[in-house]
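Summary of the model geometry
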Amino acid sequence: MRAMEVIEPGQDRKVAALRSSFHVHFFVYGGNMNTTFFNIAFEEAENAFNNNEVPIGAVIVKDGEIIAKAYNNKEKDKCSISHAEINAIVDASKKLDNWRLDDCDIYVTLDPCPMCASAIKQARIKNVYSALKNKDNNNFKLIEEIFKKDTVNPSVNLFSNLDMERSKKLLNSFFNKQRNN
């Protein structure tokens, strides 16, 4: 069974593994993650920022090629499900002409919410590379449960806190701008 992991900066990997109740696949920077895809996810997040949307970007990759990229459009679309991950999944499904996004990875600038985590799992995306763990511990517990293997869908691997400072800076800038308007 594949599983999720979040290793906090400075946290010992053995301690993280012992704290987990299931097998953890350890991730080392430079392994499967591609910083170019993160850069593009952040470009998408900046597009959201410039459009007064919460600055979250997502990029879906298959076989080393970008098949979709998107950002939050909740305000523009006036739709609660117009999250970056959902928008990217819709575009990737259209491009592949298939709702199954087998062997795809998604790069996001913040851990997905439970709604997006469910969509990611339903789409059968294999790996989620996230720049920043969501501050809400309940969010993490929910996505941890969602990403576990079940009788229908395989598990999803989550690798989080991979570009924390850049994500925090962008989110803080956005919320400071909102407070000052």
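Look above for the structure.
Summarised in this report is the structure supplied together with it.

Calculation notes
Residues numbered from 1 in each chain as written. Predicted model: local features only at pLDDT ≥ 70, side-chain atom pairs only at ≥ 80, totals over all residues. Heavy atoms only, no water. Phe/Tyr/Trp six-rings, centres within 6.5 Å; stacked < 30°, edge-to-face > 60°. Buried < 20%, exposed > 50% of the residue type's maximum accessible area, 1.4 Å probe, protein only. Lys NZ or Arg CZ within 6 Å of the ring centre and 35° of its normal. Helix = DSSP H or I, 4+ residues; strand = E, 2+ residues; numbered from the N terminus. Polar contact = N/O pair within 3.5 Å; in protein donor to acceptor, adjacent residues only side chain to side chain. Contact = heavy atoms within 4.5 Å.

Here we come to the packing of aromatic side chains. Taken as a whole, this structure holds seven aromatic pairs when the rule is applied. Between the aromatic rings of Phe174 and Phe175, the centroid separation amounts to 5.1 Å while the plane-to-plane angle is 80°, which identifies the pairing as edge-to-face. The buried category is assigned to Phe174, whose relative accessible area is 4%. Ring-pair connections join several aromatic residues into one group, and the members of that group are Phe37, Phe38, Phe42, Tyr107, Tyr129 and Phe159. Directly above the aromatic system of Phe140 lies the positively charged group of Lys133, at a separation of 4.9 Å from the ring centroid. Over the ring of Phe49 we find Lys177; its NZ or CZ atom is 4.2 Å from the centre of that ring.

This part covers the side chain of Asn72. Looking at the secondary structure, you find Asn72 in the loop between strand S2 (65-71) and helix H3 (74-77). Residue Asn72 is classed as buried on the basis of its relative accessible area of 6%. A distance of 3.1 Å separates the side chain of Asn72 from the backbone oxygen of Val54, its partner in a polar contact. When sequence neighbours within four positions are dropped, the list of residues in contact with Asn72 reads Ala48, Glu53, Val54, Ile56, Ser82, His83 and Ala84.

Shape descriptors only; they carry no functional weight alone.
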